[in-house]
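# Structure assessment
Each chain, letter by letter, is given below.
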Amino acid sequence: MKLSGSQQTRLRQYGKWALITGASSGIGQELARQLAESKMDLILVGRNKTSLQTLATELQQNNNVSCLQISLDLSQTGSTQQLIDAIGNRDLGLAVLAAGFGTSGSFLTSDLQEELNMLHLNCQAVLEQTHHFASRFAGRGKGGIILFGSLVGFQGTPYAAHYSATKAYVQTLAEALHVELQGTGVDVLSAAPGPVQTGFASRADMQMGAALRPEDTGVPILRALGQRQTVLPGFLTKFLVGSLRLLPRWGKVRVMKQIMGGMTAHQRTV
Ligand SMILES: NC(=O)c1ccc[n+]([C@@H]2O[C@H](COP(=O)([O-])OP(=O)(O)OC[C@H]3O[C@@H](n4cnc5c(N)ncnc54)[C@H](OP(=O)(O)O)[C@@H]3O)[C@@H](O)[C@H]2O)c1
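What comes next concerns the included structure. (Residues numbered from 1 in each chain as written. Predicted model: local features only at pLDDT ≥ 70, side-chain atom pairs only at ≥ 80, totals over all residues. Heavy atoms only, no water.)

Now for the overall build of the chain. Scanning the chain for helices and strands turns up ten helices and seven strands. Taking 270 residues into account, the globule formula puts the C-alpha radius of gyration at 18 Å, and the chain, at 18 Å, falls close to it. Seen along its three principal axes, the alpha-carbon backbone of the chain occupies a region of about 50 × 35 × 30 Å. Counting across all 270 residues of the chain, residues that qualify as buried make up 52%. Look at the contacts in the chain between residues 6 or more apart in sequence, and 73% of them connect residues 24 or more apart. Split by element, the accessible area of the chain, about 12,100 Å² in all, is 53% carbon and sulfur. One way to put it: in the chain the 24 positive side-chain charges average out to a point 6 Å from where the 17 negative ones average out. (Helix = DSSP H or I, 4+ residues; strand = E, 2+ residues; numbered from the N terminus. Rg over C-alpha atoms; globule rule 2.2 N^0.38 Å. Buried < 20%, exposed > 50% of the residue type's maximum accessible area, 1.4 Å probe, protein only. Contact = heavy atoms within 4.5 Å. Areas by Shrake-Rupley, 256 points an atom, 1.4 Å probe, with all protein chains shown as cover. Lys, Arg positive; Asp, Glu negative; His and termini not counted. Charge placed at Lys NZ, Arg CZ, Asp CG, Glu CD.)

What follows deals with the environment of threonine 237. In this structure, threonine 237 sits in helix α9 (residues 235–244). Taking the C-alpha atoms as reference, threonine 237 lies 20 Å from tryptophan 250; in sequence the two are 13 residues apart. Excluding residues within four positions of it along the chain, threonine 237 makes contact with Ala192, Pro193, Gly194, Leu212 and Leu232. At a separation of 2.6 Å, a polar atom in the side chain of threonine 237 contacts the main-chain carbonyl oxygen of proline 233. (Polar contact = N/O pair within 3.5 Å; in protein donor to acceptor, adjacent residues only side chain to side chain.)

Turning to the packing of aromatic side chains, a few remarks are in order. Applying the stated criterion across every chain yields a total of three aromatic pairs. Summarising the aromatic geometry, the rings of tyrosine 163 and phenylalanine 200 are spaced 5.2 Å apart at their centres and angled 50 degrees between planes, so their arrangement reads as tilted. With a gap of 37 residues between them, tyrosine 163 in helix α6 (residues 161–180) and phenylalanine 200 in helix α7 (residues 200–204) connect regions that are remote in the sequence. One cation-aromatic arrangement involves arginine 90 over tryptophan 17; the distance from NZ or CZ to the ring centre is 5.2 Å. We note arginine 203 situated over the ring of phenylalanine 101; from NZ or CZ to the ring centre the distance is 3.7 Å. (Phe/Tyr/Trp six-rings, centres within 6.5 Å; stacked < 30°, edge-to-face > 60°. Lys NZ or Arg CZ within 6 Å of the ring centre and 35° of its normal.)

A word on the site of the ligand. Taken together, 31 residues are adjacent to the ligand, and Ser24, Ser25, Arg47, Tyr163 and Thr198 come closest. The backbone of glycine 22 places a nitrogen or oxygen atom 3.1 Å from an oxygen atom of the ligand. In the complex, the protein chains occlude 94% of the 870 Å² of accessible area that the ligand would expose alone. More than half of the atoms belonging to the ligand lie within 2 Å of the grid points that define the largest pocket. Elements with a minimum of two residues in the shell around the ligand: α2 (26–37), α6 and α7. Looking at the shell around the ligand, its residues break down into 14 nonpolar, 13 polar and four charged. (Near = heavy atom within 4 Å. 1 Å grid on protein atoms, 1.4 Å probe; cavity = no way out; pocket = protein on both sides within 12 Å on 5 of 7 lines; lining within 4 Å. Sits in = over half its atoms within 2 Å of the grid points. Nonpolar A, V, L, I, M, F, W, Y, C, P; charged D, E, K, R; others polar.)

In this section: unusual backbone geometry. One non-glycine residue, lysine 39, lies in the positive phi region at around 70 degrees. Within the secondary structure, lysine 39 sits in the loop between α2 and β2 (41–46). Among the residues examined, lysine 39 registers a relative accessible area of 46% and is labelled partly exposed. Although it is not a glycine, tyrosine 159 sits at a positive phi angle of roughly 75 degrees. In this fold, tyrosine 159 is placed in the loop between β5 (143–148) and α6. On the basis of relative accessible area, tyrosine 159 is assigned to the partly exposed category, the value being 23%.

Strand order across the open sheet formed by seven strands is β3-β2-β1-β4-β5-β6-β7, with parallel pairing between neighbours. Only two strands of the sheet have a single partner each, and these edge strands are β3 (67–71) and β7 (230–231). As paired elements, strand β4 (residues 92–97) and β5 share four bridges and run parallel to each other. What sits directly across from valine 96, in β5, is isoleucine 146. Taken strand by strand, helix α4 (residues 79–87) contacts β1 (17–21), β2, β3 and β4, and its axis lies near 155 degrees from that of β3. (Pairing = 2+ DSSP bridges. Axes fitted to C-alpha atoms, helices over the stretch in contact; angles between N-to-C directions.)

Turning our eyes to something else, we now look at the layout of surface pockets. In this structure, the largest pocket encloses a volume near 1,100 Å³. What lines the largest pocket is a set of 48 residues, among which Gly100, Phe101, Thr198, Gly199 and Phe200 lie closest to the centre. Breaking the lining of the largest pocket down by element, the ones donating at least two residues are α2, α5 (112–140), α6, α7, α9 and α10 (249–269). Of the residues that constitute the lining of the largest pocket, the class distribution is 25 nonpolar, 19 polar and four charged. Taken together, 15 residues line the second largest pocket, and the ones lying closest to its centre are Thr103, Ser104, Ser110, Glu114 and Gln267. Looking at the lining of the second largest pocket, the elements with two or more residues in it are α5, α7 and α10. (Points joined across faces, edges and corners; volume = space filled by probe spheres on them.)

Printed below as a string of structure tokens:
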């Protein structure tokens with residue numbers, strides 16, 4: 001899938017540089033490729049220096065764009081300020097905040113420290129970064145911010161109880177800012193995918209059946225920025241959200257228990 005020339009031009013109008021957190025893998029990496037094809041210079045953020053370097057080399061060679069790599073653990077206190085300092089006064093117009101991870105399995109046996117780490121990365125860091133970039137972009141009268149919700153963020157999801165709560169937080173923040181920032185020139189979008197084959201499942205220790213490829217998600221997400229409040233990338237995501245739509249919220253939670261229960265059953269039988 002490719003963006004059209006006019007869609008690429010529209011993205012470039014946000015500014016010369018785009019920031020992508022979570023660029024070293026999965027959906028963030030796919031978005032970095034699409035933005036490089038749109039001829040935007042890129043700030044690539046993740047912890048894995050080798051993956052960032054490999055991606056930067058590929059994008060510079062194929063697209064003749066500049067790439068700044070920032071290796072940073074965004075779950076650590078003070079990391080947002082380090083990120084802001086590293087970006088400096090570059091003409092940044094787009095912030096894609098894809099860094100995140102999930103956990104799964106029984107809440108009772110979950111590791112509290114890991115859950116707190118996830119809370120910091122998925123929520124606190126996203127809040128700090130969104131707070132900075134929203135003000136920065138409003139000050140220059142234009143900008144785009146893409147946050148990552150999830151199918152599991154539209155209702156409580158047993159066996160991913162805390163992960164789904166972090167994604168509900170992001171979804172709610174994005175929906176509100178999409179409306180509140182209208183008139184400032186700042187577009188805010190929530191991208192809420194269903195299952196996608198990335199590094200996500202192995203880190204969350206989930207077993208995914210049907211899943212999108214990362215390549216199925218980048219173009220729909222970038223097309224929706226400035227047009228929609230929330231994008232459900234790919235047919236599978238639309239199908240899954242659509243099938244739950246008619247249920248009351250308590251019913252959705254019970255269906256999600258069956259679905260997530262299947263994806264995490266291996267953890268609970270050992
Ligand atoms: N895949 C799915 O099924 C799915 C569905 C719905 C929503 N999402 C959301 O989509 C976003 C992208 O996930 P993905 O599927 O592309 O997963 P992924 O392939 O595991 O990528 C996650 C990215 O986040 C970065 N990251 C993780 N921990 C970090 C930390 N402490 N500091 C800095 N960067 C960190 C990783 O880089 P390093 O390892 O190099 O740090 C990686 O680039 C996440 O917010 C996820 O919650 C995913």
